Amino acid sequence: PTEAPPMATPEARAAGEAPAKENQVALGSEQTRAPASPAERSWLARHFSLLLRRDRQAQKAGQLFSGLLALNVVLLGGAFICSMLFNNVAVTLGDVWILLAALKVLSALWLLYYTAGTARRPQAVLQQDPHAGPVWVRGSLVLFGSCTICLNVFRVGYDVSHIRCKSQLELVFPAIEVVFISVQTWVLWKHCKDCVQIQTNFTRCGLMLTLATNLLLWLLAVSNDSMHHEIEAELSALMKKLSGNGTNTCLCLNVTMCEVFRKGYLMLYPFSTEYCLICCAVLFVMWKNVGRRLAPAAGAPPCAPSFHLHGAIFGPLLGLLVLVAGVCVFVLFQIQASGPAIALEYFTIYYAFYVATLPAMSLACLAGTAIHGLEERELDTFKNPTRSLDVVLLMGAALGQMGISYFSIVAIVATRPHELLNCLILAYSLLLILQHMAQNLFIIEGLHRRPLWEVAPESLAGKWEAEPPRRGSLLELGQDLRRASLAYIHSYSHLNWKRRALKEISLFLILCNITLWMMPAFGIHPEFENGLEKDFYGYRTWFTVVNFGLPLGVFYRMHSVGGLVEVYLGA
């Protein structure tokens, strides 16, 4: 027989229930108690937060120190260049070349160390910025770098042909620049997307030193007109010699080769300033990405669609019409420019083409901006350093042509505003300012709209979360997919005409900007050849204004093409 369990006495039951009640009360108080204060957090959490704060402080300190290093280098080089311009006896062009040669050697050594040492270490580059270094930027880097190398080759050839009256030391500086450009182009092509996580302070200082070197090379190219003066002096001496009045012995023996070197140098001169500007932009993005840790979603963005016309007709046709007309005007002007003087009617044709093209571009940009306002795509508010830099570069590069336009407006209004050519130049300057402003609005608005190929998966994911698919046959699954596709098409069908209009406008503007990029990039510049502004401001002042503004204008057109391609793909 089994024994019954012993019955607890009332006192024992009361004693056993008391701790249980205390535990329930304690548990309830823990559940209803307010969250722990920061002082009551665990030691590990406080230590981790302290490490994160120290890491952010160290990153900001490294950025500040490297920025100050670049600022001091630029100020020192700027002082040398200004002293050379205003006091050529105390500080000569050779002194400036020696300083820049030292900076080029240091920058090239750091670039080689970064490629062979820092980037190859484990845990050095765990992530890459997908938005940095698009194909068109790297292609422009290689194109303008190659043109700058050819420019230095022409410079060496010109100096060798005049070796009797030139120092052999002058041949060293172009050779150093060729080596520096080759190394820099290769490293930037290979590592422009890197987010370096080791040796961050040393990497930031190296990037800022290289950026300052490119900035000084750009400043020297903008302000130094010694080579142009030398070419003009040789041409005038050659004319005197042919007329029997010349006494200058420093003339080229092989006239044909010297003519090739001279034309090649003058044609490729703007590309060196373009190359320096692009390198500064790429180096700044790399500097911002040092020590940056990307979110998991940022490291693998959704796949963007490839570039297709998708039924666009009128935009490409009008753009091709502008492109063909621009090529014809460009060829006519270049043929005339190869002669001793450019006839007045060719200047008229050149500026008339711009006066006809710029209003159409401005109207297209304003229409595109209005369509952006009617769209229902969300604004992309995520932090994106590359897009922020794109906007800054777009606004900054527009200042080049706008500055030249304002100088031209003042010169024309103050002298002869009623002549036909001057009226065309005045209209060209005003329309160019308006077109830059309208195009900046259109591109910036388009870059800040979330692309449709990023919105669509999110909307479909929301529909599938709201209505999870039922288990069943493949036929039922296909019906569910069809319903989701029809719902997506119904949701975005009212945007079709807007998207189509944006694509037409983007393609038209892409072809127009390619045309307006080609004409000043590969030819003689009417802004300097028409003589109006040069007579009004003086040779050196107008030379500096044109060499400052034209490379920025070429860079603006090229940068606008990249932005318009992104706007087209986003639509």
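The model shown is predicted, which means the values in this text are computed figures rather than measured ones.

1. Focus: the overall build of the protein chain
Now for step 1: Secondary structure summary: the protein chain contains 19 helices and two strands in total.
Now for step 2: Counting all 571 residues of the protein chain, 44% fall into the buried class.
Now for step 3: A fraction of 89% describes how many contacts in the protein chain between residues 6 or more apart in sequence connect residues 24 or more apart.
Now for step 4: As displayed, the protein chain offers around 30,100 Å² of accessible surface, 68% of which is attributable to carbon and sulfur atoms.

2. Focus: the packing of aromatic side chains
Now for step 1: This structure, assessed with the given rule, holds 17 aromatic pairs.
Now for step 2: Ring centres of F144 and F271 lie 5.4 Å apart, and the angle between their planes is 35°; on these two criteria the pair is classed as tilted. Note that F144 is positioned in helix α4 (residues 135–161) and F271 in helix α8 (residues 255–289), a separation of 127 residues in sequence. Considered together, F144 and F271 belong to a single accessibility category, that of buried residues.
Now for step 3: On the basis of an interplanar angle of 80° and a centroid distance of 5.9 Å, the ring pair of F353 and Y354 is categorised as edge-to-face.
Now for step 4: One aromatic cluster is present, built from ring pairs that chain together F333, F347, Y350, Y351, F353, Y354 and Y428.
Now for step 5: Cation over ring: R138 sits above W189, and NZ or CZ is 4.8 Å from the ring centre.

3. Side note on helix α6 (residues 200–223)
Now for step 1: Given a rise of 1.5 Å per residue, 24 residues ought to cover 34 Å, and the 35 Å separating the end C-alpha atoms of α6 matches this to within 8%.
Now for step 2: Buried residues dominate α6, accounting for 19 of its 24 residues.

4. A word on a nonpolar patch on the surface
Now for step 1: A contiguous nonpolar patch, built from I313, F314, L317, L318 and L321 and spanning about 550 Å² of accessible area, is present on the exposed surface.
Now for step 2: Structurally, L317 is set in helix α10 (residues 314–337).

5. A look at the nonpolar core
Now for step 1: Grouped together as the largest cluster of nonpolar side chains are 117 residues, with contacts concentrated most on L220, I278, Y354, L358, F442, L509 and M519.
Now for step 2: No other element matches the 16 residues that α8 contributes to this core.
Now for step 3: Taken domain by domain, the makeup of this core includes at least three residues from each of domain 1 (49–243 + 250–289) and domain 2 (313–450 + 495–570).
Now for step 4: Formed by eight residues, the second largest nonpolar core is a distinct cluster that contains I404, Y539, W542 and V545.

6. A few points about the environment of G62
Now for step 1: By the element assignment, G62 lies in helix α2 (residues 43–86).
Now for step 2: Considered as a pair, G62 and N201 are 139 residues apart in the sequence and their alpha carbons are 5.3 Å apart.
Now for step 3: In this structure, G62 is in contact with N201 and R204, ignoring residues within four places of it in sequence.

7. Overview of the state of the cysteines
Now for step 1: Counted according to the given criterion, the structure contains zero disulfides.
Now for step 2: Between C280, a free cysteine, and C276, which holds the nearest cysteine sulfur, the sulfur-to-sulfur gap is 6.7 Å.
Now for step 3: Given the relative accessible area of 12%, C280 is considered buried.

8. Some remarks on the packing of helix α3 (residues 93–118) against α6
Now for step 1: Between α3 and α6, whose axes approach to 9 Å, the crossing angle comes to 145°. As for the relative orientation of α3 and α6, their crossing is left-handed in sense.
Now for step 2: Residues of the contact of α3 with α6, tallied by class, amount to 16 nonpolar, six polar and one charged.

9. Section: the confidence of the model for the protein chain
Now for step 1: The pLDDT averaged across the protein chain works out to 76; a share of 71% of its residues lies at or above 70.
Now for step 2: Per-element mean pLDDT across the protein chain ranges from 44 in helix α14 (residues 452–466) up to 92 in helix α5 (residues 172–191).
Now for step 3: Residue range residues 297–302 is modelled with pLDDT below 50. Its contacts to residues more than four positions away, or to other chains, number four contacts.
Now for step 4: Predicted confidence for residues 455–472 stays below pLDDT 50, and this span has 19 contacts to residues more than four positions away or in other chains.

10. Examining the side chain of E274
Now for step 1: Within the secondary structure, E274 sits in helix α8.
Now for step 2: Within the buried core, E274 has no salt-bridge partner, and the shortest N-O distance to an opposite charge, that of R557, equals 11 Å.
Now for step 3: Excluding residues within four positions of it along the chain, E274 makes contact with F144, L550, P551, L552, V554, F555 and M558.

11. Concerning unusual backbone geometry
Across residues other than glycine, the phi torsion is negative in most instances, and most of the peptide bonds are trans.
Now for step 1: For Q199, which is not glycine, the phi dihedral falls at a positive 50°.
Now for step 2: Note on placement: Q199 falls in the loop between β2 (194–196) and α6.
Now for step 3: Residue Q199 is classed as partly exposed on the basis of its relative accessible area of 26%.

Rules of the game
- Once a new chain begins, its residue numbering starts again from 1 and follows that chain's sequence as written.
- Predicted model: local features are reported for residues with pLDDT of at least 70 only, side-chain atom pairs are reported and counted for 80 or more only, and whole-chain, interface and lining totals are derived from all residues.
- Side-chain measures were taken over the full set of non-hydrogen atoms in the model, leaving aside hydrogen atoms and water.
- We count a stretch as a helix when DSSP gives it H or I for four or more residues in a row; a strand needs E for two or more, and each element gets its number in order from the N terminus.
- For every residue, the accessible area (1.4 Å probe, protein chains only) is compared with the maximum for its type, and the residue is labelled buried under 20%, exposed over 50%, or partly exposed between those bounds.
- For this analysis, residues touch if any pair of their heavy atoms sits within 4.5 Å.
- Note on areas: these come from Shrake-Rupley sampling with a 1.4 Å probe, and a residue is covered only by the protein chains present in the view.
- Planes of paired rings set the category: under 30 degrees apart is stacked, over 60 is edge-to-face and the rest tilted, where pairs are Phe, Tyr or Trp rings (Trp by its six-membered ring) whose centres lie within 6.5 Å.
- Definition used: whenever NZ (Lys) or CZ (Arg) falls within 6 Å of the ring centre and also within 35 degrees of the ring normal, the charge is taken to sit over that ring.
- By this rule, a helix spans an expected 1.5 Å times one less than how many residues it contains.
- Like charges are joined within 9 Å and nonpolar side chains (Val, Leu, Ile, Met, Phe, Trp, Tyr) within 5 Å, but only among residues with over 30% relative accessible area and no salt bridge; these make up the patches.
- Criterion for a salt bridge: a side-chain nitrogen of Lys or Arg within 4 Å of a carboxyl oxygen of Asp or Glu.
- By nonpolar core we mean a set of buried residues, namely Ala, Val, Leu, Ile, Met, Phe, Trp, Tyr and Cys, connected to one another through side-chain atoms within 4.5 Å.
- Those domain boundaries reflect an automatic or database domain assignment.
- Defined by distance alone, a disulfide is two cysteine sulfur atoms within 2.5 Å.
- Angular values range over 0 to 180 degrees, each being the angle between N-to-C directions of two axes fitted as lines to C-alpha atoms, with helices fitted over their stretch in contact.
- Throughout, a crossing is termed right-handed when the near helix is turned clockwise from the far one, and left-handed when it is turned anticlockwise from it by less than a right angle.
- Gly is put with the polar residues, along with every residue not named as nonpolar or charged; the nonpolar set is Ala, Val, Leu, Ile, Met, Phe, Trp, Tyr, Cys and Pro, and the charged set is Asp, Glu, Lys and Arg.
- pLDDT is a residue-level measure of predictor confidence that goes from 0 to 100.
- Under this rule, positive means Lys or Arg and negative means Asp or Glu; His and the chain ends count for nothing.

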